[in-house]
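Analysis of the macromolecular model
Listed here are the chains, written in short residue letters.
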Amino acid sequence: MPSHQETSGYCLSHISPRDVHFDKLRANAARFAELYRGTVYDAYADRINDCSTFLEFVIALNPDTGEQKLKLKSGRFCRVPRCPFCQWRKSLMWRAKTFKIIPKIFEDYPSSRFLFLTLTIANCPLDELRSTLTHMNKAWKRLTERQQFPAIGWIKTVEVTRDKNDLAHPHFHCMLMVNPSYFTGKYYLSKDDWIELWQKSLRVSYPPDIDIQAVKSRTGANEGMREAVIETLKYSVKPSDVLSDRSPTNRISDQDWLVELTAQLYQTRAIATGGVLKKYFKELEAENDNLEDLIHATENLDSEVMNSSVSLFFDWIQYRKRYVASSKARSFT
Ligand SMILES: [Zn+2]
């Protein structure tokens, strides 16, 4: 890895191709800012435009493999709830912290197993999203209070996507922690059982779509567990669903979609935890907007040696849609 004097003028994605997503996320943020401009959320446009325009990275070395990587050291984030850049850092932060928590959970509950559950409801008009989510949350509470509900702990996240008819598709992704006896005993629930339970909890006349899978892990360290965490703790709103570049046949413009979505999701909770898992996430839920966490929201920091004396600085150049290495260091103070 070169020093910042040697990289001046080079793009982040050239110096570190694995970090090309920084460009993509920041370009999406700029498009969100354009959509907010001139609407009731005009102030968000300014805040997002100032988000992550300057980033400082340090070089991290993996002592086992000798591999060098760039790690974000500092940056300024806007924390606008739907900002694609901030949402991405936040989901990375939750994942990184969850990966750290998992070994503790398995230490305390060595035989526990996990299920990955997706719960849906009939798609709704966007202006009914808020009331639909309230209804789903009440149904979730009823579900967890049912005698058949097998989980001793859970993490639940909300995702809202946009269907081809411009309806909102709100759904829950849940990781459920169960005792191993769930798989062998009389409390085992088939997919049909889950559909029935969720239908009763929702109090609807139709069988809702659900998906249920057992996470194939007994140790908490394998791929199945990782995938379940990544699937659960992802974006609540995919930028690609807002920036749809839709055909003229669509009734709702991307701008109208984003503005209404922002209003509907105002101060709704994206992540909730319960049961025995609550205590592990308590600290995380309390400080989930911590700036340090948004910066250091990456995995495996423990095994890497940070060389913080060598910094690389990048400016966001909007017309190039790239982070470009800057010749000068700057301070955030
Ligand atoms: Zn932001």
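Check the entry above for the structure.
Note on numbering: residues in each chain are counted from 1, in written sequence order. Restriction of local features to residues with pLDDT of at least 70 applies here, the model being predicted, together with a cutoff of 80 or more for giving and counting side-chain atom pairs; totals for whole chains, interfaces and linings are based on all residues. Note: side-chain values were computed over all heavy atoms of the structure, leaving out hydrogens and water.

1. Observations concerning the overall build of the protein
Within the protein one finds 12 helices and 9 strands. Looking at the 333 residues of the protein, the share that counts as buried comes to 50%. The contact criterion used throughout is that any non-hydrogen atoms of two residues lie within 4.5 Å. Pairs at least 24 apart in sequence give 75% of the contacts found in the protein among residues at least 6 apart. For the accessible areas, the method is Shrake-Rupley and the probe is 1.4 Å, while residue cover comes only from the protein chains on display. Here the protein displays about 16,200 Å² of accessible surface, and carbon together with sulfur accounts for 50% of that area. Per the convention used, a helix needs a DSSP run of H or I reaching at least four residues, while a strand needs a run of E reaching at least two, with both numbered from the N terminus. Each residue's exposure class comes from its accessible area (1.4 Å probe, protein chains only) as a fraction of the maximum for that residue type: buried when under 20%, exposed when over 50%, partly exposed otherwise.

2. Some details on helix α3 (residues 20-36)
An α-helical segment advances 3.6 residues per turn. Residues three or four places apart therefore align on the same side. Take the number of residues in a helix, subtract one, and multiply by 1.5 Å to get its expected span. A rise of 1.5 Å per residue sets the reference length of α3, with its 17 residues, at 24 Å; its end C-alpha atoms lie 25 Å apart and thus fit the reference within 8%. Of the positions making up α3, those classed as buried are Phe-22, Asp-23, Leu-25, Arg-26, Ala-27, Ala-29, Ala-30, Phe-32, Ala-33, Leu-35 and Tyr-36. Backbone geometry just after α3 places Gly-38 at a positive phi near 80°.

3. Structural notes on the coordination of the zinc ion
In ideal tetrahedral geometry, four donors around a metal make angles of 109.5 degrees, whereas ideal octahedral geometry with six donors gives angles of 90 or 180 degrees. Protein coordination at the zinc ion comes from Cys-51 (SG), Cys-78 (SG), Cys-83 (SG) and Cys-86 (SG), with a distance range of 2.3 Å. The site at the zinc ion holds 4 donor atoms, and with the angles between them running 102 to 116°, its shape is tetrahedral. We call an atom a donor if it is N, O or S and sits within 2.8 Å of the metal, or 3.2 Å for Na, K and Ca. Water is not counted, so some sites may look partial. Square planar and octahedral sites, with four and six donors, are those where opposite donors lie more than 155 degrees apart and all other angles lie between 65 and 115, tetrahedral sites have four donors with every angle between 85 and 135 degrees, and the rest are irregular.

4. Points about the nonpolar core
Definition of nonpolar core: a set of buried residues of the types Ala, Val, Leu, Ile, Met, Phe, Trp, Tyr and Cys, connected through side-chain atoms within 4.5 Å. One finds Phe-85, Leu-176 and Trp-194 to be the most contacted residues of the largest nonpolar core, which totals 74 residues. Judged by nonpolar contacts, the second largest core, of 21 residues, contains Met-93, Trp-94, Phe-116 and Tyr-280.

5. A look at the packing of helix α6 (residues 129-145) against helix α7 (residues 191-202)
Every axis in this analysis is a line fitted to C-alpha atoms, fitted for helices over the stretch in contact. Angles between the N-to-C directions lie between 0 and 180 degrees. In contact at an axis separation of 8 Å, α6 and α7 are set at 125° when each is read in the N-to-C sense. Considering the angle they form, α6 stands oblique to α7. In this structure, α6 crosses over α7, and the sense of that crossing is right-handed. Note on element contacts: α7 touches α6 through Leu-197, Trp-198, Ser-201 and Leu-202, opposite His-135, Met-136, Ala-139, Trp-140, Arg-142 and Leu-143. Under the scheme applied, nonpolar residues are Ala, Val, Leu, Ile, Met, Phe, Trp, Tyr, Cys and Pro; charged residues are Asp, Glu, Lys and Arg; polar residues are all the others, including Gly. For the contact of α6 with α7, the residue count by class is 7 nonpolar, 2 polar and 1 charged. When describing relative orientation, an angle under 35 degrees is termed roughly parallel and one over 145 degrees roughly antiparallel, while 65 to 115 degrees is termed roughly perpendicular and anything else oblique. Two helices cross in a left-handed way if the nearer one is turned anticlockwise from the farther one by less than a right angle. They cross in a right-handed way if the turn is clockwise.

6. What about the pairing of strand β1 (residues 54-61)?
Of all 8 residues that make up β1, 7 are buried, and the element is covered over most of its length. In this description, strands pair whenever DSSP reports at least two bridges between them. Of the strand pairs in this sheet, β1 and strand β2 (residues 68-75) are connected by 7 bridges, and their pairing is antiparallel. Each residue of the ladder has a partner; that of Phe-57, found in β2, is Leu-72. The hairpin formed by β1 and β2 contains 6 residues between the paired strands, and Gly-66 there has a positive phi angle of roughly 80°.

7. As for the pattern of salt bridges
Throughout this description, the term salt bridge denotes a Lys or Arg side-chain nitrogen within 4 Å of a carboxyl oxygen of Asp or Glu. In this structure the tally under the stated criterion is 11 salt bridges. The partner of Glu-56 in a salt bridge is Lys-73, with the nearest N and O atoms 3.7 Å apart. Taken together, the positions of Glu-56 in strand β1 and Lys-73 in strand β2 put the pair 17 residues apart, joining distant regions of the chain. Lys-141 is paired through a salt bridge with Glu-145; the nearest N and O atoms lie 2.8 Å apart. A residue pair is termed a helical-turn pair when its members lie 3 or 4 positions apart in one helix, as Lys-141 and Glu-145 do in helix α6 at 4 residues. You can call Glu-145 exposed: its relative accessible area is 54%. Linked through salt bridges whose partners overlap, the residues forming this network are Glu-159, Glu-231, Lys-234 and Lys-238.

8. Considering the packing of α3 against helix α5 (residues 84-108)
Orientation of α3 relative to α5, taken along the N-to-C sense of each, is 135°, at an axis distance of 7 Å. If you check the angle between α3 and α5, you find them oblique. Contacts from His-21, Phe-22, Leu-25, Arg-26, Asn-28, Ala-29 and Phe-32 of α3 reach α5 at Pro-84, Phe-85, Trp-88 and Arg-89. Of the residues in the contact of α3 with α5, the class split is 7 nonpolar, 2 polar and 2 charged.

9. As for the pairing of strand β7 (residues 271-275)
Extensive coverage of β7 is indicated by the burial of 4 of its 5 residues. Examined bridge by bridge, strand β4 (residues 153-162) and β7 share 5 bridges and lie antiparallel to one another. Counterpart to Thr-157 in the pairing with β7 is Ile-271.

10. Points about the sheet that holds strand β5 (residues 168-178)
Within the open sheet, the 5 strands sit side by side as β6-β3-β5-β4-β7. Their pairing is antiparallel. Every other strand in the sheet has two partners, leaving β6 (210-214) and β7 as the edge strands with one partner each. Sheet twist, expressed as the mean angle between neighbouring strand axes with direction ignored, is 15°. Pairing of β4 with β5, which is carried by 10 bridges, proceeds in the antiparallel orientation. Within the sheet, the bridge partner assigned to Ile-155 lies in β5 and is Met-175. Against the sheet, α6 contacts β3 (113-120), β4 and β5, and its axis sits at roughly 20° relative to β5. Contacts from α7 reach β3, β5 and β6 within the one sheet, and its direction differs from that of β6 by about 135°.

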